[in-house]
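So you can see what is in the structure, the chains are spelled out below.
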Amino acid sequence: MDIIFKNGKPTAAVPGGSTFNGIISLGRLGLDVSMISETGNDKVGDIIMDFMKDNGVDNSYVAVYATGRSAISLAWLNERNDAEYMFYKDYPAARLEVDWPRIKKDDIVMMGSYFVLNPVLRPKVKQFLEYARRCGALIYYDFNFRRTHKQEAIKIYADMLENLEYADIVRGSTEDLENLFGSGDAEKIYQKEIEFYCRQMLCTAAGGDVLVLSPTVKKRFPVKDVPTVSTIGAGDNFNAGFVYGLVKYGITREMLENGVSEDLWDQVIAEAQQFSANVCQSINNSVDLTFADKKKR
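All values reported here derive from a predicted model rather than from experimental measurement.

Give me the lowdown on the environment of D142, citing residues and values where you can.
Turning to its location among the elements, D142 is positioned in strand β10 (residues 138–142). We classify D142 as buried; its relative accessible area is 2%. Residues D142 and G112 lie 30 residues apart in sequence; the distance between their C-alpha atoms is 4.6 Å.

Take a look at the structure:
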């Protein structure tokens, strides 16, 4: 649950989380989506579970733990409406006690953040990724590696590389790259650290261009200026728009392996930018219902 502060005062409390924000947007557009995560058996957990259901997201694979409490984050918006976070978490010893959803060839798995690197959860995350790969899923990995974990970058490095081996597409912001690799130079990081493991990379920057790096296309996409209320879900909904674009234009793992045309990259990135721009114009973490309805039509 994100409790959002502006000018030192709480202004909203909305369910959130990196992958969660994108999944909610895709649910609002009517895509068949499921969330794999965990929450507490408390009032906050009830709100989060109901929120998923109300927005068309299958919550059958969300573990509800009996001990511990649902995670809370405090987000302070600065003058640019960018957020600084503080997290409150009280987890039980047993984590992510759920069955996996059934996965079919070319289903899309979105994963990201410290959640998929956390040593406590890593064995189960790896088990799921191996299952998803055997089933032929297309895996989209968002680093979303926050400054609060920067001191752990060396410790989790091997697991991060393993995630890249599973992934078909990876996205990182320049801030993620700085926190993980000590540099925000996307092209150099791609060549030195990523290309060997994952051949398709997207790099975003707060208010800056989107960079696509792949064996067939290397291209920068300018970002339009939009009035912002909150940038909390901007990257998360870039992910959602990109995944929506993959579905809309029928892009499969095999197509990625053989090389996607520049024209298709243009169209998918355009979707991602539309999602990101929309979410920046409200206090909510996901695209609004008007935007979703227009996309469904």
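So much for the structure itself; the text now carries on.
Account for helix α7 (residues 234–248), naming residues and giving values.
The end-to-end C-alpha distance of α7 is 20 Å, a good match for the 21 Å that 15 residues give at a rise of 1.5 Å each. Taken together, the buried positions of α7 are occupied by A234, D236, N237, F238, N239, A240, G241, F242, V243, Y244, G245 and L246. Following α7 by one or two positions, G250 has its phi on the positive side, about 65°.

Any chance you could break down the layout of surface pockets for me, citing the residues and the numbers?
Looking at the second largest pocket, its volume works out to about 180 Å³. Lining the second largest pocket are 14 residues, and of these A167, D168, Y197, R199 and E257 sit closest to its centre. Take the lining of the second largest pocket: its biggest share by element is three residues, from helix α8 (residues 253–258). Looking at the lining of the second largest pocket, its residues break down into six nonpolar, one polar and seven charged.

Would you mind going over the packing of aromatic side chains in detail, with residue names and values included?
Tallied over the full model, the rule gives 13 aromatic pairs. Centre to centre, the rings of F275 and F291 are 5.1 Å apart; their planes meet at 85°, and the pair counts as edge-to-face. In this pair, F275 sits in helix α9 (residues 262–279) while F291 sits in helix α10 (residues 289–296), placing the two residues 16 residues apart along the sequence. Per residue, the accessibility class of F275 equals that of F291, and both read buried. A cation over a ring is seen here: R146 above Y85, with NZ or CZ 4.4 Å from the ring centre.

Before we move on, could you go through empty space enclosed by the protein and cite the residues and values that matter?
The full count for this structure, using the stated rule, is one cavity of 30 Å³ or more. Size it by volume and the largest cavity reaches roughly 40 Å³. The wall of the largest cavity is formed by S18, T19, M110, M111, G112, D142, D236 and N239. Put simply, the parts of the chain that give the lining of the largest cavity at least two residues each are α1 (18–28), β9 (108–112) and α7. For the lining of the largest cavity, the element with the most residues is β9, which contributes three residues. Residues of the lining of the largest cavity, tallied by class, amount to two nonpolar, four polar and two charged.

Tell me about α1, and name the residues and values.
Residues spaced three or four apart along an α-helix point in a common direction, a consequence of the helix completing one turn every 3.6 residues. Judged by how many residues are buried, α1 sits mostly within the fold: eleven of eleven residues are covered. Buried within α1 we find S18, T19, F20, N21, G22, I23, I24, S25, L26, G27 and R28.

How would you summarise the nonpolar core if you had to cite specific residues and measurements?
Grouped together as the largest cluster of nonpolar side chains are 40 residues, with contacts concentrated most on Y141, F143, M160, L164, I194 and M201. Of all the elements in the fold, those that place two or more residues in this core are β9, α3 (122–134), β10, α4 (157–166), α5 (174–181), α6 (186–194), β12 (201–204) and β13 (210–213). For this core, the element with the highest residue contribution is α3, accounting for five residues. The contact partners of M160, leaving out residues within four places of it in the chain, are L117, Y141, F143, L180 and F181. If you look at the next biggest cluster of nonpolar residues, it comprises 39 residues, including I24, F221, L256 and A272.

Give me the lowdown on the sheet that holds strand β11 (residues 169–173), citing residues and values where you can.
With respect to topology, six strands assemble into an open sheet ordered β9-β10-β11-β12-β13-β14, the strand pairing being mixed. The outermost strands of the open sheet, each flanked by one partner alone, are β9 and β14 (218–221). In this sheet, adjacent strand axes meet at a mean angle of 15° when their direction is disregarded. Inspection of the sheet shows β9 paired to β10 by five bridges, in the parallel sense. Paired with M110 across the strands is Y140, a residue of β10. Here α4 sits on the sheet and contacts β9, β10 and β11; the angle it forms with β10, its principal contact strand, is near 145°. This element, α6, spans β11, β12, β13 and β14 of the sheet and lies at about 30° to β13.

Describe the pattern of salt bridges, listing the residues and the values that go with them.
A complete count under the given rule lists 20 salt bridges for this structure. A salt bridge links E97 to K124, with the nearest nitrogen and oxygen atoms 2.8 Å apart. Here E97 is found in the loop between β8 (83–90) and β9, whereas its partner K124 is found in helix α3, with 27 residues between them in sequence. For D168, the salt bridge goes to R253, with nearest N and O atoms at 3.1 Å. One end of the pair, D168, is in the loop between α4 and β11; the other, R253, is in helix α8, with 85 residues separating them in the sequence. Taken individually, D168 and R253 each receive the classification buried, so the pair is uniform in this respect.

Conventions we followed
Residues numbered from 1 in each chain as written. Predicted model: local features only at pLDDT ≥ 70, side-chain atom pairs only at ≥ 80, totals over all residues. Heavy atoms only, no water. Helix = DSSP H or I, 4+ residues; strand = E, 2+ residues; numbered from the N terminus. Buried < 20%, exposed > 50% of the residue type's maximum accessible area, 1.4 Å probe, protein only. Expected span 1.5 Å × (residues − 1). 1 Å grid on protein atoms, 1.4 Å probe; cavity = no way out; pocket = protein on both sides within 12 Å on 5 of 7 lines; lining within 4 Å. Points joined across faces, edges and corners; volume = space filled by probe spheres on them. Nonpolar A, V, L, I, M, F, W, Y, C, P; charged D, E, K, R; others polar. Phe/Tyr/Trp six-rings, centres within 6.5 Å; stacked < 30°, edge-to-face > 60°. Lys NZ or Arg CZ within 6 Å of the ring centre and 35° of its normal. Core = buried A, V, L, I, M, F, W, Y, C linked by side-chain atoms within 4.5 Å. Contact = heavy atoms within 4.5 Å. Pairing = 2+ DSSP bridges. Axes fitted to C-alpha atoms, helices over the stretch in contact; angles between N-to-C directions. Salt bridge = Lys/Arg side-chain N within 4 Å of Asp/Glu carboxyl O.

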